[in-house]
Amino acid sequence: MATFGTLSDRLTETFRNLRTKGKLTAADVDGTVREIRRALLDADVALVVVKEFTAKVRERALGDEVNKALNPAQQVVQIVNEELVKILGGEQRRLRFAKTAPTVIMLAGLQGSGKTTFAGKLAKQLEGEGHTPLLVAADLQRPNAVNQLQVVAEQAGATVFAPEPGNGVGDPVKVSRDGVEHARRQQHDVVIIDTAGRLGVDAELMKQAADIRKAVDPDEVLFVIDAMIGQDAVNTAKAFQEGVDFTGVVLSKLDGDARGGAALSVASVTGRPIIFASTGERLEDLEPFHPDRMASRILDLGDILTLIEQAQQAFDEEEATKMAEKLATEAFTLEDFLDQLQQMKKMGSMKKMLGMLPGMGQMKQQLEDFDDREIDRTEAIIRSMTPSERRNPKLLNGSRRLRIARGSGMTVTDVNQLVQRFEQAAKMMKTVARGGTPNIPGMGPVPGMGRPGASTKRSKGKKGKSSGASRSGNPAKRAAENAGLATSGQPTGSGFGLGGQKAPTEADLAELQKLFGKG
């Protein structure tokens, strides 16, 4: 995640130095805590939060739980992870719905924090969960705020209540009250009130927000804060808590490239949970906030659970079953490949998904170079083919490939490379579907992917011995071979990077790029 990029790099480097030590002394712990303190301060985390966090880490790192650990470095990483989860709010907190509809959700925050965009994102998410949200345009101060909410609502497929034109005209308190009544009459079960913001905290803003809260008695008051504003996040959050009070926090613009101290400060300082995180410009880019998963991302331990959830939302189970059957019967075609690409696009950016894998923070430059538009180019080439050509790539002679290249705006070389990559990918997926071990170019056989219970065939060599059983006559080489056999097939490290987990290599990432675009 871009916002925590620098912080993640600093912490990862600190822990990498720790792993070279078999036993940690007090000086090692102090040096590690000092580096963590510097990294947090550089990330604009509030000083009071940094002091409390590093004090707890130091106390636990010098305690018996580390001294008695088999791997002290891993234990320190675990301690930092657990303390990060605590300052991010501990357990996940979901939206609370009223027992009797409608549930009223009021949004508050400074101008430019992303309230209106979040209102559309939340409406779209609630629509997908079977709710019928109503957006209330109570920001009558900012120029064209009402029009912006109407545009966002249309994109989200939600209804808007906007009786006043805005631009300084109308009473926001009355609009909010009338909006709740309108929702009750029209049987909307959720009301989202978009209130006005200012460029800075002032008495007028607080009074208006407090009056709206008193008039509609909301079930949730969500404070939307820009994750990129740094140290000022603490003062802004405190001011809103004293003036309006809020029940939860929404972090917007987490896809930005700022230092992101707001996310690590606001929950700890205010005692209010972070409920949502906005991670992109699309209306779909809204995630429930999981403190434990966010801590894992910051420490470059990956976020596999979120990745799985996104895949489950994007992929149709029935279609996935059909695809598995096609792979097993060698009926996988370019049409199926196109369907898979479209399913992946529903999940969002490939770059973002790859960033959720453990250890990918160490390949920041390679991730930055990964071009998501290659999927669009691949899709353009396949769409320029006729249905018969998609089903049978063997029909693609020179003249057909030239026509496809012209139709997609690409070159014949691009078409040739796509066909070659498709054949490689299809062959690999067929191997996996049959329970075999795929041999990915540049990566070799994938360990642990063989068919359970399958016996290893031995090829005859000299003197009837299998080639796999041959041993070098050199004692040093033979010892190395024996060591390799002893460790082969054994899992190395934790799936979340706490053990000997190795980060994907440049060849791995390049191969992923090849599968979905140009190499």
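Draft legend 1. A look at the overall build of the protein chain. Along its length, the protein chain carries 23 helices and ten strands. Considering only residue pairs separated by 6 or more positions, the protein chain has 72% of its internal contacts joining residues 24 or more positions apart.

Draft legend 2. Examining unusual backbone geometry more closely. A cis amide bond links Ala101 with the next residue in sequence, Pro102, at an omega value of 5 degrees. Here Pro102 is to be found in the loop between α5 (72–87) and β1 (103–108). Positive phi, close to 55 degrees, is recorded for Asn167, a residue that is not glycine. One can find Asn167 in the loop between β3 (159–161) and α8 (172–186).

Draft legend 3. Representation of the packing of aromatic side chains within the structure. Applying the stated criterion across every chain, the model contains three aromatic pairs. Between Phe223 and Phe240, the ring centres sit 4.9 Å apart and the planes meet at 35 degrees, which makes this aromatic pair tilted. In this pair, Phe223 is assigned in strand β5 (residues 220–226) and Phe240 in helix α10 (residues 232–243), connecting sequence segments 17 residues apart. Assigned by exposure class, Phe223 and Phe240 land together as buried. Between Phe223 and Phe246 the ring centres are 4.9 Å apart and the planes differ by 25 degrees, which places this aromatic pair in the stacked class. Separated by 23 residues along the polypeptide, Phe223 in strand β5 and Phe246 in the loop between α10 and β6 (248–252) bring together distant segments of the chain. Take Phe223 and Phe246: they sit in the same class, and that class is buried. An aromatic cluster is present here, built from Phe223, Phe240 and Phe246 joined pairwise through their rings.

Draft legend 4. Representation of the environment of Asn397. Position of Asn397 among the secondary structure elements: in the loop between α19 (387–391) and α20 (398–408). Owing to a relative accessible area of 38%, Asn397 belongs among the partly exposed residues under this scheme. Within the local environment of Asn397, its side chain forms a polar contact with the side chain of Ser399, the two groups lying 3.0 Å apart.

Draft legend 5. Structural context of the side chain of Thr103. Mapped onto the fold, Thr103 is located in strand β1. Not counting the four nearest positions on each side in its chain, Thr103 is found in contact with Arg96, Phe97, Ala98, Asp189, Val190, Val191 and Asp219.

Draft legend 6. The arrangement of α8 in detail. Spanning 15 residues, α8 covers 21 Å between terminal C-alpha atoms, matching the ideal 21 Å at 1.5 Å per step. Taken together, the buried positions of α8 are occupied by Pro172, Val173, Val175, Ser176, Gly179, Val180, His182 and Ala183. In this structure, the buried side of α8 is in contact with β1, β2 (133–137), β3, β4 (190–194) and α9 (203–216). Near the N-terminus of α8, the side chain that reaches the backbone nitrogen of Val173, with its oxygen 3.1 Å away, is that of Asp171. Positive backbone phi, at 60 degrees, marks Gln187, one or two positions downstream of α8.

Draft legend 7. The nonpolar core, seen in detail. Formed by 92 residues in total, the largest nonpolar core has its most connected members in Phe15, Val80, Leu84, Phe118, Ile192, Phe240 and Leu264. For this core, the element with the most residues is α5, which contributes eight residues. Among residues more than four places away in sequence, those in contact with Phe118 are Leu107, Leu222, Val224, Val250, Phe276 and Leu286. Counting residues in each nonpolar core, the second largest holds 18 residues, with Phe332, Leu334, Ile382 and Phe422 among its members.

Draft legend 8. Layout of α5. In a regular helix each residue adds 1.5 Å, so 16 residues correspond to 22 Å; α5 covers 23 Å between its end C-alpha atoms and thus fits that length. Within α5, burial applies to Pro72, Ala73, Val76, Val77, Ile79, Val80, Asn81, Glu83, Leu84, Val85 and Ile87. Gly89, located one to two residues past α5, shows a positive phi value of around 120 degrees.

Draft legend 9. Inspection of the side chain of His188 at higher detail. Structurally, His188 is set in the loop between α8 and β4. For His188, a relative accessible area of 12% puts it in the buried group. Once residues lying within four places of it in the same chain are set aside, the contact partners of His188 are Pro102, Thr132, Pro133, Leu134, Thr159 and Ala183.

Draft legend 10. Spotlight on the packing of α9 against α10. Where α9 contacts α10, the two axes come as close as 9 Å, and the packing angle between them is 45 degrees. Considering the angle they form, α9 stands oblique to α10. α10 is crossed by α9, and the crossing has right-handed handedness. Contacts between α9 and α10 involve Leu205, Met206 and Ala210 from the first element and Ala239, Phe240 and Gly243 from the second. Looking at the contact of α9 with α10 residue by residue, the classes come out as five nonpolar, one polar and no charged.

Rules and cut-offs
- Residues numbered from 1 in each chain as written.
- Predicted model: local features only at pLDDT ≥ 70, side-chain atom pairs only at ≥ 80, totals over all residues.
- Heavy atoms only, no water.
- Helix = DSSP H or I, 4+ residues; strand = E, 2+ residues; numbered from the N terminus.
- Contact = heavy atoms within 4.5 Å.
- Phe/Tyr/Trp six-rings, centres within 6.5 Å; stacked < 30°, edge-to-face > 60°.
- Buried < 20%, exposed > 50% of the residue type's maximum accessible area, 1.4 Å probe, protein only.
- Polar contact = N/O pair within 3.5 Å; in protein donor to acceptor, adjacent residues only side chain to side chain.
- Expected span 1.5 Å × (residues − 1).
- Core = buried A, V, L, I, M, F, W, Y, C linked by side-chain atoms within 4.5 Å.
- Axes fitted to C-alpha atoms, helices over the stretch in contact; angles between N-to-C directions.
- Parallel < 35°, antiparallel > 145°, perpendicular 65-115°, else oblique.
- Left-handed = near helix turned anticlockwise from the far one by under 90°.
- Nonpolar A, V, L, I, M, F, W, Y, C, P; charged D, E, K, R; others polar.

These figures come from the coordinates and say nothing about function on their own.
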